[in-house]
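Coordinate inspection notes
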6 protein chains.
Amino acid sequence: MSHTEPSTLVVSAHAGDFVWRAGGAIAAAALRGERVTVACLSYGERGESASQWLQGKSLEEIKAIRREEAEAAAAALGADIEFLDAGDYPLLESQEIVRQLVDIFRRTQPTVVLTHTLADPYNGDHPAAARMALQARVLAQAIGVQNSDGSFPTKEDIIGAPPVFFFEPHQGEQCEFKPDVLLDITEAFARKQQAMECMPAQKHMWSYYTDLAVRRGVQLKRNAGPNLGLAHETLAEAYVRFYPEVTGVLA
Amino acid sequence: MSHTEPSTLVVSAHAGDFVWRAGGAIAAAALRGERVTVACLSYGERGESASQWLQGKSLEEIKAIRREEAEAAAAALGADIEFLDAGDYPLLESQEIVRQLVDIFRRTQPTVVLTHTLADPYNGDHPAAARMALQARVLAQAIGVQNSDGSFPTKEDIIGAPPVFFFEPHQGEQCEFKPDVLLDITEAFARKQQAMECMPAQKHMWSYYTDLAVRRGVQLKRNAGPNLGLAHETLAEAYVRFYPEVTGVLA
Amino acid sequence: MSHTEPSTLVVSAHAGDFVWRAGGAIAAAALRGERVTVACLSYGERGESASQWLQGKSLEEIKAIRREEAEAAAAALGADIEFLDAGDYPLLESQEIVRQLVDIFRRTQPTVVLTHTLADPYNGDHPAAARMALQARVLAQAIGVQNSDGSFPTKEDIIGAPPVFFFEPHQGEQCEFKPDVLLDITEAFARKQQAMECMPAQKHMWSYYTDLAVRRGVQLKRNAGPNLGLAHETLAEAYVRFYPEVTGVLA
Amino acid sequence: MSHTEPSTLVVSAHAGDFVWRAGGAIAAAALRGERVTVACLSYGERGESASQWLQGKSLEEIKAIRREEAEAAAAALGADIEFLDAGDYPLLESQEIVRQLVDIFRRTQPTVVLTHTLADPYNGDHPAAARMALQARVLAQAIGVQNSDGSFPTKEDIIGAPPVFFFEPHQGEQCEFKPDVLLDITEAFARKQQAMECMPAQKHMWSYYTDLAVRRGVQLKRNAGPNLGLAHETLAEAYVRFYPEVTGVLA
Amino acid sequence: MSHTEPSTLVVSAHAGDFVWRAGGAIAAAALRGERVTVACLSYGERGESASQWLQGKSLEEIKAIRREEAEAAAAALGADIEFLDAGDYPLLESQEIVRQLVDIFRRTQPTVVLTHTLADPYNGDHPAAARMALQARVLAQAIGVQNSDGSFPTKEDIIGAPPVFFFEPHQGEQCEFKPDVLLDITEAFARKQQAMECMPAQKHMWSYYTDLAVRRGVQLKRNAGPNLGLAHETLAEAYVRFYPEVTGVLA
Amino acid sequence: MSHTEPSTLVVSAHAGDFVWRAGGAIAAAALRGERVTVACLSYGERGESASQWLQGKSLEEIKAIRREEAEAAAAALGADIEFLDAGDYPLLESQEIVRQLVDIFRRTQPTVVLTHTLADPYNGDHPAAARMALQARVLAQAIGVQNSDGSFPTKEDIIGAPPVFFFEPHQGEQCEFKPDVLLDITEAFARKQQAMECMPAQKHMWSYYTDLAVRRGVQLKRNAGPNLGLAHETLAEAYVRFYPEVTGVLA
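Residues numbered from 1 in each chain as written. Chains lettered and ligands numbered in written order. Predicted model: local features only at pLDDT ≥ 70, side-chain atom pairs only at ≥ 80, totals over all residues. Heavy atoms only, no water.

Moving on: the overall build of chain A. Summing up its helical and strand segments, chain A has 7 helices and 8 strands in all. The C-alpha atoms of chain A give 18 Å as radius of gyration, which agrees with the globular expectation for 251 residues (18 Å, within 12%). Across the 251 residues in chain A, those meeting the buried criterion constitute 62%. Put simply, chain A shows about 8,700 Å² of open surface, and 51% of that area lies on carbon and sulfur atoms. (Helix = DSSP H or I, 4+ residues; strand = E, 2+ residues; numbered from the N terminus. Rg over C-alpha atoms; globule rule 2.2 N^0.38 Å. Buried < 20%, exposed > 50% of the residue type's maximum accessible area, 1.4 Å probe, protein only. Areas by Shrake-Rupley, 256 points an atom, 1.4 Å probe, with all protein chains shown as cover.)

Shown next as structure tokens:
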């Protein structure tokens, strides 16, 4: 595989996170014909399924429901999805998960990585996912680090140094989330909406994230200036870039 | 003038700053056929001309020498240059200079702005220049803010919201300079070298900024990953982006 | 006047700021029967009246319109308003304005002060207003600092050390706005709505600030926990507290 | 139990920390008739008992002494105390301790939580305790997270989102401790004094923490202003608030 | 004058600041036989003389009293003192004062500079003094910057780049004061005490600053380790170093 | 052993780090006749030996080569070296390694400790090494913490509180590396060069670190001022001091 073919890898702590927080970016990439893979570390079965627990569902039932929803949402966005079933609340950091992520990095050869912020006082699983994603990204670059089956990677297997973007957490200011990048998702939003509707138990989030897209769109236009021919109702998602940008042109 | 034609405005406190710190970006834009304008607030006649003072030159002589050098350097880079002769050491903030900068912003319609960092404990003129550049950039957007001749701007005169990049100061860590952007200047570097050579009194800077370009180039390659077909000796300049980036694609 | 009677002083750079950003806090205080005074430093005549300029109105006409709107909005909120007509874009810091603010602090004896954040890369008038408000607050405490008519204050004239809260700017993350305080404005919101409707030229702001109140309300509930009997649709405004809180009870 | 009955939970790394750092807050709550529970993770047997080690005491003897002292101090303050005996120097983070803390959170239904700062370069046990306290606070809110005996919680068992306050470390500036809250402990101080005297091996701390209370009291008065009828010698403790404050009134 | 002869310059906003905050460092230098000069920008006549205003004293009387006290305190510490009478509350930044400070820097050739922190939300005069001191320190290095009498400096007149230390403000945490340096003032403290006693109107400060010296001394010993033969009651002052340290030995 | 005899302990994640980053400080101490010990946690066998993996060498061969090179480099610098063989990529934090480090701290009684920064987004092994070094430094001070053989330390065995310096990472700005200390290594540099040449596989680093020494030397001279009689080509290394400096003289 050529390493420069666009490929997006999303590392999501729970089964809903990639939809709410990065659905626009995912759909936009898929609409451009690019490959997107979601690595879903847990189903959010304990911490983000309160209504199902209150209905008396069992752990296995809840995991099955959440998995199905996430698969439908990924399909709506145009992404592949893999489940690592690593448990949530807490999602514990382990070398076992990191190794699986190393395999996924090498298999998908991402040119862009999306994951959670490194701080989140409301949910420790999010930074845990981010820390593991970042660790795997570094390990997957090293030819001396084995694949999880014990074999050594070839020169083609190891990855480059893809840029990492943190997606927007729920209470951004408490998570030190100061957006570096405002991504235009106007055209991709219909798909994000469809994906959100695959999560019927969190209906209140639909309008929340639609409003947020409007608000980020207003900011995008404010930062772009008035003369760029942007849509009247531009919609956007916000990201924080972790590594410096590499570019040939300032813009 | 169409507002979306690329145009770079560089606001430089002294007559050498734009060469050492942004010469690569300027030359690269010029090589792409874009317009670049340097607004040079002072000649650096008091604070950055020690050797000439020691030779017993007068203030006016020193200003003339520095102006000539700066003109030659701008020509080598392919940029226009304007001198505001606002004085240095200290460069005092004033509404008079801000108004002149508003005029320049409206006249040049920049799509990119380059200036100094907002902190510099070694040289107060640099942050003063940055503060005035940022103030003028906001004022120039407002249709209710008059031009310096008292006339009101038309809808075409006012500017959009061009991104601002801070260029690298001499002791970056003490100036809270954490690069967001590494700019490939490999092809433009020959021109930067020529421009540096227009400043013979600061010969020791030539190798300093060549080494820095090498070091930033190493970082660029490290952040880009190994597979992008970059030149063996990639050269780079580092920048800090002040406003969030607006984009259609994460990359 | 007893110094412990509740009194809120709002220092607003332009004629709209106090409505959008602190309208809920103002209305809530007024509904509790407390005195609220808005010190409005400028009318926002140059920087925040683009549509009127485009209609060809004169500076004096625009100022008159904005004043009228602000008076109506203040009345709707239940607040007094004073105009300092200090000019905008730029609002220049001056000892003249600071002195007038010292007089207002001493006259109104605030127990709470609301103003802008100290950073705002989109609008330099906002931090300028905040810096002058903070300076006046310190000077008004000193018995050796004269009133603007040259007389010295009595022991009753000088003020205590009222807490200061920064209200929410438009692009909070770029202004280092990390909320310390989420204020429940559910009951006061109807008045804020009325006040917003006194600003017909900025109709797009009405829904923007309604959405923001919803979003801050969701956060308020998330931070309060589920068991406090809060309204289903709680509405809130966010603030940053500048000085440490003084209290008899942790809560 | 009604969730809104005031209840304070203090998570203390070692057997003395809650006395020196939060004794005033604990005593004040107890004096108001509220329930206070101290979860004491270790006895400080290795790291904070140097004089006993030098006397040749055994580990078990030291733990017994420290436990007795802590019980006496808690009694003097009016608090319940529970010992988790998790070891110190280092206090290792573990899911086992976190689970026990989840149980305690659910049992005590805290409306206020006090613990250590998240940074302390002089003592790694303190941030470890804080991280576990914060993790348990989040997990205890989730209906899908089991109690440590494997049973699932009822809707009444899970907790709300109590505010968290970090108490003052020994070298605050090195621990990023910037106080948000100054708590008046003037009336409670006699009890804190009694509690401190239950720790005879650390006699030098008695005057240290008395002086600190005076100093924080001076700051409290400076921040409150002169007109509030505060005691001449007001005594205070300082805290950092971790989550935004939720309130109906700015004050 | 040889530039390497030790010389300390203290830039103090008001007539008391150098005593409370840097009295130990000043006395210690004087005891080592070194020259110390205090540049006292104002008498603190408006902002720090409340009791005298309440006694009905006039501005001139107050300035005379404060001057006399400051002279006595400087003498007790072993320092020279110069008064710039620039006014306080507010102390306004001006090029006039900066120029006078440039002269003082060139005349005293400091090898160490002490001044206020750059942030102080309780007193804007302090950061104003610091900003002017830092500006003068840079200007005084430039051979192209004239003395205040219009003459140009010789190569001997211009200064090197002396290290700058910020002394401890009253509410350090609110002023971003994170100590870099703990200075042992045990032997110099008797002189500091004498100097403090020259300020009878602020008697409550005497014990406040004695307690602070004890507390900083405890920290000094904690950071030095137990084996350095330090005095039982070591006393200290805390400082923040503004520029990086230059050294031949790590210690 | 007297505790005040100078002794430097360097905790290095991989077999090359101590050479590139602290070789000057090590050689300078050795040239002064002081003892220096390098605790080398891993050989960098997986993450920093890409060329050897590409040559098809086995893990054990690579470790042997790296060990030999590190021994030669340590000898060239004049330091002792110990290998903990804890593995790299990832270097996992463990109590086992921390305990071994506690033994080394007690055995070598360091008066200065050098290690990695606490943040490094390019290499997680570096902060892991730093965290373990800092933890061991605290534990080694406690008389209640056993040696790794289970014995208790005597009063002579436990250490003081040696200052810690972080050495310069590869992309400093991304690692929050803001130098506090610039160390003159001009005389020691020849030895550092020799040591670097013991690492032939990383030949490109030789010139990189020579250039860096030049650049840090320029900064050292800029911060020292012109009058100190420094060598024309002063060479330097940069460090961040973790704990406050303890001193008797400000300089």
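Summed over the entire model, instances satisfying the criterion amount to 46 aromatic pairs over all chains. A ring pair is formed by Y122 of chain D and Y243 of chain F, whose centres lie 5.1 Å apart and whose planes are at 55°; its orientation type is tilted. Of this pair, Y122 of chain D sits in the loop between β4 (112-115) and α5 (125-139) while Y243 of chain F is found in the loop between β7 (236-241) and β8 (245-247), placing the two residues in two different chains. Y243 of chain F shares its class with Y122 of chain D; the two are buried. By way of ring pairs, the aromatic residues Y122 of chain A together with F166, F242 and Y243 of chain D are connected into one cluster. (Phe/Tyr/Trp six-rings, centres within 6.5 Å; stacked < 30°, edge-to-face > 60°.)

Before going further, it helps to spend a moment on the interface of chain E and chain D. Between chain E and chain D, the residue contacts involve 15 residues of the former and 15 residues of the latter. Buried surface at the junction of chain E and chain D, both sides included, amounts to about 1,800 Å², of which 42% is carbon and sulfur. At the junction of chain E and chain D, the tally comes to 2 salt bridges. The partner of E173 of chain D in a salt bridge is R216 of chain E, and the shortest N-O contact between them spans 2.5 Å. Scanning the region where chain E abuts chain D turns up 8 residue pairs in polar contact (both at pLDDT 80 or more). Grouping the amino acids of the side of chain E that touches chain D by side-chain chemistry returns 4 nonpolar, 5 polar and 6 charged. (Contact = heavy atoms within 4.5 Å. Buried area = accessible area lost by both parts, 1.4 Å probe. Salt bridge = Lys/Arg side-chain N within 4 Å of Asp/Glu carboxyl O. Polar contact = N/O pair within 3.5 Å; in protein donor to acceptor, adjacent residues only side chain to side chain. Nonpolar A, V, L, I, M, F, W, Y, C, P; charged D, E, K, R; others polar.)

What follows is about the environment of F242 of chain F. Relative to the helices and strands, F242 of chain F is located in the loop between β7 and β8. In this structure F242 of chain F comes out as partly exposed when scored by relative accessible area, which is 21%. Among all residues touching F242 of chain F, those that are not within four sequence positions of it are P121 and Q174 of chain D together with L118, L134, V164 and F166 of chain F.

Moving on, we come to the packing of helix α4 (residues 95-108) of chain E against helix α5 (residues 125-139) of chain E. Geometrically, a packed helix pair is captured by the angle between its two axes and the distance between the axes. All names here are of chain E. One way to put it is that α4 packs onto α5 with a least axis distance of 8 Å and a crossing angle of 55°. Classed by the angle they form, the pair α4 and α5 counts as oblique. For α4 against α5, the interelement crossing comes out right-handed. Residue-level contacts link Q95, I97, V98, L101, V102, F105 and R106 of α4 to M132, A133, Q135, A136, R137 and L139 of α5. Split by residue class, the contact of α4 with α5 holds 9 nonpolar, 2 polar and 2 charged. (Axes fitted to C-alpha atoms, helices over the stretch in contact; angles between N-to-C directions. Parallel < 35°, antiparallel > 145°, perpendicular 65-115°, else oblique. Left-handed = near helix turned anticlockwise from the far one by under 90°.)

So, on to the sheet that holds β7 of chain F. In spatial order, the strands read β8(E)-β6(F)-β7(F)-β5(F)-β4(F)-β1(F)-β2(F)-β3(F); together these 8 strands make up an open sheet with mixed pairing. Every other strand in the sheet has two partners, leaving β8 (245-247) of chain E together with β3 (80-83) of chain F as the edge strands with one partner each. Neighbour to neighbour, the strand axes of the sheet diverge by 25° on average, direction disregarded. (Pairing = 2+ DSSP bridges.)

Taken as rigid bodies, chain E and chain D are interconverted by a rotation of 180° and an axial shift of 0.0 Å, the fit giving an RMSD of 0.0 Å. These values place the two chain copies in the arrangement generated by a two-fold rotation axis. Counting the interface residues of chain E, we find that 100% of their copies in chain D are interface residues as well, pointing to one common contact surface. (Least-squares fit on C-alpha atoms with pLDDT ≥ 70 in both.)

Moving on to unusual backbone geometry. Residue and element names in this part refer to chain C. P90 follows Y89 through a cis peptide bond whose omega is 5°. Among the secondary structure elements, P90 is positioned in the loop between β3 (80-83) and α4 (95-108). Despite not being glycine, Q109 shows a phi value in the positive range, around 45°. Tracing the backbone shows Q109 in the loop between α4 and β4 (112-115).

Quick look at the side chain of K192 of chain B now. All names here are of chain B. Positionally, K192 belongs in helix α6 (residues 189-196). Note on K192: relative accessible area 2%, which makes it buried. A polar atom in the side chain of K192 sits 2.8 Å from the backbone oxygen of W20. In this structure K192 touches V19, W20, G23, G24, L77, I185 and E237, once residues within four positions along its chain are discounted.

All names here are of chain B. Close contact between helix α1 (residues 17-31) and α6 brings their axes to 8 Å; oriented N to C, the two are set at 130°. Between α1 and α6, the angle falls in the class oblique. Considering how the two elements wind past one another, α1 and α6 form a crossing that is right-handed. Here α1 contributes V19, W20, G23, G24, A27, A30 and L31 to the contact with α6, which in turn contributes R191, K192, A195 and M196. Of the residues that constitute the contact of α1 with α6, the class distribution is 7 nonpolar, 2 polar and 2 charged.

Residues and elements named next belong to chain A. Burial along strand β5 (residues 164-167) is two-sided: the residues V164 and F166 and F165 and F167 are all buried. The β-α-β motif built from strand β4 (residues 112-115), the intervening helix α5 (residues 125-139) and the parallel element β5 has right-handed crossover chirality. Pairing of β5 with strand β7 (residues 236-241), which is carried by 3 bridges, proceeds in the antiparallel orientation. Bridge pairing in β7 places F165 opposite R241. (Right-handed = clockwise from strand over helix to strand, strands pointing away.)

Another aspect to go through is the arrangement of the chains. In this assembly chain B lies apart from chain D, the nearest approach of their C-alpha atoms being 19 Å. The two partners chain A and chain E share no contact, and the minimum distance between any of their C-alpha atoms is 19 Å.

Per-residue pLDDT for chain A has a mean of 95; in total, 97% of the residues score no lower than 70. Two summary scores accompany this predicted model of the complex, namely pTM at 0.96 and ipTM at 0.94. (pLDDT = per-residue confidence, 0-100.)

With that settled, the discussion passes to the interface of chain A and chain B. At the interface, 36 residues of chain A touch 37 residues of chain B. Of all residues in chain A, the largest losses of buried area upon contact with chain B belong to N223, E245 and L250 of chain A, amounting jointly to 21% of the total for that side. Across the chain A-chain B interface, the total number found is 2 salt bridges. Of the charged contacts, one joins R241 of chain B and E245 of chain A as a salt bridge, the two residues approaching to 2.9 Å between their closest N and O atoms. In this assembly, chain A and chain B are joined by 12 residue pairs in polar contact (both at pLDDT 80 or more). Partitioned by chemical class, the residues of the side of chain A that touches chain B number 21 nonpolar, 9 polar and 6 charged.

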